[in-house]
Amino acid sequence: MKIESTQELHASRNRVYSALTDPEVLRRCIPGCESLEKTAEDTYSATLKAGVGSIKGTFKGEVRLEDMRPPEHYRIVVEGKGAIGMIQGAAKMMASRFFTALEAEVKG
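Residues numbered from 1 in each chain as written. Predicted model: local features only at pLDDT ≥ 70, side-chain atom pairs only at ≥ 80, totals over all residues. Heavy atoms only, no water.

Asker: Can you help me understand the overall build of the protein chain in this one?
Answerer: A count of helices and strands for the protein chain gives three helices and four strands. The order of α-helices and β-strands along the protein chain, N terminus first, is α-α-β-β-β-β-α. For the protein chain, whose C-alpha radius of gyration is 14 Å, the value lies close to the compact-globule estimate of 13 Å for 108 residues. Overall, the C-alpha framework of the protein chain stretches about 40 × 30 × 25 Å when taken along its three principal axes. Residues classed as buried in the protein chain amount to 30% of the 108 residues present. For the protein chain, long-range pairs separated by at least 24 residues make up 46% of all intrachain contacts whose partners lie at least 6 apart in sequence. Accessible surface computed for the protein chain: about 7,000 Å², of which carbon and sulfur atoms make up 48%. Counting 16 positive and 15 negative side-chain charges, the protein chain places the centres of these two groups 5 Å from one another. (Helix = DSSP H or I, 4+ residues; strand = E, 2+ residues; numbered from the N terminus. Rg over C-alpha atoms; globule rule 2.2 N^0.38 Å. Buried < 20%, exposed > 50% of the residue type's maximum accessible area, 1.4 Å probe, protein only. Contact = heavy atoms within 4.5 Å. Areas by Shrake-Rupley, 256 points an atom, 1.4 Å probe, with all protein chains shown as cover. Lys, Arg positive; Asp, Glu negative; His and termini not counted. Charge placed at Lys NZ, Arg CZ, Asp CG, Glu CD.)

If you want it as structure tokens, here you go:
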């Protein structure tokens, strides 16, 4: 599944890029993220709790930062595994929550 989105953040490009590449900021901004541990350069193991409605679950996955061109571009790739199959709806909701939390991080 591929989710693409555009989000305007009200902060300097350098501040936003710095936040997007800081694992602690990513951990705080990724909805339901319980842990984010570095496993390789720009690669992290993640544990997320997520759900839609009454369907909830814990997901293990990998977060990779790719195509990095500071401070203008990078791609975040999240691959996950879980026991439930409502991933697409949850992913879109989580992306929206991520960018809302990121906006708060870079403003504060």
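Asker: Looking at this structure, I do not really get the pairing of strand β4 (residues 73–81). What am I missing?
Answerer: Two faces make up the sheet, and in a regular strand the side chains alternate between them. Alignment of strand β3 (residues 55–69) against β4, held across eight bridges, turns out to be antiparallel. Within the sheet, the bridge partner assigned to leucine 65 lies in β4 and is isoleucine 76. (Pairing = 2+ DSSP bridges.)

Asker: I'm lost on the pattern of salt bridges in this one. Help?
Answerer: Once their charged atoms are close, side chains differing in charge can pair, the charge on each being opposite to the other. Inspection of every chain in the model, using the stated rule, returns twelve salt bridges. Taking the shortest distance from any N to any O, the salt bridge between arginine 64 and glutamate 62 comes out at 2.8 Å. Look at glutamate 62 and you get partly exposed, because its relative accessible area is 29%. Notably, a salt bridge pairs arginine 75 with glutamate 66, separated by 3.5 Å at the nearest N-O pair. When its relative accessible area of 40% is taken as the criterion, arginine 75 is described as partly exposed. Via salt bridges that share partners, Glu62, Arg64, Glu66, Asp67, Arg75 and Glu79 belong to a single interconnected network. (Salt bridge = Lys/Arg side-chain N within 4 Å of Asp/Glu carboxyl O.)

Asker: Help me understand the nonpolar core in this model?
Answerer: Most often, soluble globular proteins have nonpolar side chains that are buried together. One finds Leu20, Leu26, Ile30, Leu36, Tyr74, Phe98 and Leu102 to be the most contacted residues of the largest nonpolar core, which totals 25 residues. Sorting elements by how many residues they give to this core places helix α3 (residues 87–107) first, with five residues. (Core = buried A, V, L, I, M, F, W, Y, C linked by side-chain atoms within 4.5 Å.)

Asker: Explain helix α1 (residues 13–20) here, please?
Answerer: Residues separated by three or four positions in an α-helix point in the same direction, a consequence of the helix having 3.6 residues per turn. Within the sequence span of α1, burial applies to Val16, Tyr17, Ala19 and Leu20. Burial along α1 is one-sided: seen end-on, the buried residues are contained in an arc of 160 degrees. (Arc of directions from axis to C-beta.)

Asker: What is the right way to look at the packing of aromatic side chains in this model?
Answerer: To describe a pair of aromatic rings, one takes the distance between the centres and the angle between the planes. Per the counting criterion, the structure on display carries two aromatic pairs. Taken together, a centroid distance of 5.8 Å and an interplanar angle of 90 degrees make the contact between tyrosine 17 and tyrosine 74 edge-to-face. Note that tyrosine 17 is positioned in helix α1 and tyrosine 74 in strand β4, a separation of 57 residues in sequence. Exposure remark for tyrosine 74: the relative accessible area of 13% places this residue in the buried category. Look at phenylalanine 98 and phenylalanine 99: their rings are 5.1 Å apart centre to centre, the planes differ by 80 degrees, and that puts the pair in the edge-to-face class. Relative accessible area serves as the criterion here: at 23%, phenylalanine 99 is assigned to the partly exposed category. (Phe/Tyr/Trp six-rings, centres within 6.5 Å; stacked < 30°, edge-to-face > 60°.)

Asker: Would you mind showing me how to read the environment of aspartate 22 here?
Answerer: Residue placement: aspartate 22 occurs in the loop between α1 and α2 (23–29). Between the C-alpha atoms of aspartate 22 and aspartate 42, which are 20 residues apart in sequence, the distance is 9.8 Å.

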